[in-house]
Amino acid sequence: MEPQLSPQAPVAETRRRGRGAGLNMAGRFERLATEAFDDGWDGLEELPAFKTSVQEERARTIITRNASPDLSFDRSVNPYRGCEHGCIYCFARPSHAFMGMSPGLDFETRLFAKPNAAELLEREVSRPGYTVRPIAIGTNTDPYQPIERRYKIMREVLEVLDRCSHPVAIVTKSALVVRDADILSRMAERNLAKVALSITTLDRKLCRAMEPRASTPQKRLDAVKALSEAGIPTSVMIAPVIPALTDSELESILEGAHEHGAAEAGFILLRLPLEVSELFRDWLVRERPDKYRHVMSLIRSMRDGKDYDAKWGERMRGKGPYADQIARRFQLAAKRLGLNTRRHKLDCEQFISPQKGGVQLDLFGN
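One structure accompanies this document, and this report is about it.

Rules of the game
- Residues numbered from 1 in each chain as written.
- Predicted model: local features only at pLDDT ≥ 70, side-chain atom pairs only at ≥ 80, totals over all residues.
- Heavy atoms only, no water.
- Buried < 20%, exposed > 50% of the residue type's maximum accessible area, 1.4 Å probe, protein only.
- Helix = DSSP H or I, 4+ residues; strand = E, 2+ residues; numbered from the N terminus.
- Contact = heavy atoms within 4.5 Å.
- Core = buried A, V, L, I, M, F, W, Y, C linked by side-chain atoms within 4.5 Å.
- Axes fitted to C-alpha atoms, helices over the stretch in contact; angles between N-to-C directions.
- Parallel < 35°, antiparallel > 145°, perpendicular 65-115°, else oblique.
- Left-handed = near helix turned anticlockwise from the far one by under 90°.
- Nonpolar A, V, L, I, M, F, W, Y, C, P; charged D, E, K, R; others polar.

Let us now look at helix H6 (residues 181–189). Among all positions of H6, only Ala181, Ile183, Leu184, Ser185, Met187 and Ala188 are buried. Elements that come into contact with the buried residues of H6 comprise helix H5 (153–163), strand E7 (168–172), strand E8 (193–198) and helix H8 (217–229). Phi for Asn191, located one or two positions after H6, is positive at around 60°.

Now for the nonpolar core. Generally speaking, soluble globular proteins have nonpolar side chains that are buried together. By size, the foremost hydrophobic cluster in this structure holds 66 residues, and its most contacted members are Leu121, Leu158, Leu161 and Leu254. Here this core takes 7 residues from helix H12 (residues 321–337), the largest share from any one element. Apart from the residues within four sequence positions on either side, Leu158 is in contact with Tyr144, Val168, Ile170, Asp180, Ile183, Leu184 and Met187. Ranked by size, the runner-up nonpolar core spans 32 residues in total, among them Cys90, Leu245, Leu279 and Trp283.

Each pair of packed helices gets described by two things: the angle between the helix axes and the distance between those axes. One way to put it is that helix H9 (residues 250–259) packs onto H12 with a least axis distance of 10 Å and a crossing angle of 30°. In terms of axis orientation, H9 runs roughly parallel to H12. Where H9 crosses over H12, the two elements pack in a sense that is right-handed. Contacts between H9 and H12 pair Leu250, Glu251, Leu254, Glu255 and His258 from the former with Ile326, Arg329, Phe330, Ala333, Ala334, Arg336 and Leu337 from the latter. Classifying every residue of the contact of H9 with H12 by side-chain character gives 7 nonpolar, 1 polar and 4 charged.

Rendered as structure tokens:
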């Protein structure tokens, strides 16, 4: 099986150093596309490197709802659009096309911050008839990506949830989450918070190539330990499991999670929706050309011969003998280590509607 990539020209390494994607194709909704090419005058050498830019977005709503049977939550909050971590496999990349931008390098360099997220959240949970369920954060883009150090939007969101005793579940690839251990530990004492650190590989070199601006694997394990010691229920998500590339590490990641205090663990098989397929395949050709055929062959064997199948019940786990083998290995290792003996369920009965905002603000609209 030879790589079948688009004619989109790769971006020069000097311009994308420290980034995950090697392409910056136009979004699928755009009628026109532009492409830099060398006209013989060496003009490409003068193009600047991609730099991170942040645009503040005054969001009108902040709680996103879903009805997917594959997910354990029905609502989420995303403080940011795009993600500087630059994980090449990120299933959220196609969402940047809705902003008229590329799911490639634009996704990890042209970011949007929602500074009014906490204000909106307080307003939305104040509305009459609001029904409490855990809010998931980090299910799309990472709330603790590098720009959170400056904006602190996630911390403001947690302060709102803490004040009104609203349960929250966080997923992140960043050790920055430990910064908020003070709030999270207060909430955990009331059974209102839990955190999952996402770990794909323990190989530093592979991690740097695949997740260039996320915390190192050891930093993430150290965060698991710090949060666990602070009394915060902490788990590890092996997300994604990449066949023939990272799946051999499944047991060692679970062992590391257990040693650092995690009580629970889970896994998700690699997903390649829409533009992510081309971006990931381009990355494989650049970074692991010797693995290309094997990786893609196994992925397609678990996806009915396709790079991705969005079918409910299968998109997270795949199907077939290889998918079953991964699931069985996970189950045996988790059982051996004593992980997942009890699932931590957050308390939804303590919620107190905020006194600030709410109905009064709704009189003036959004």
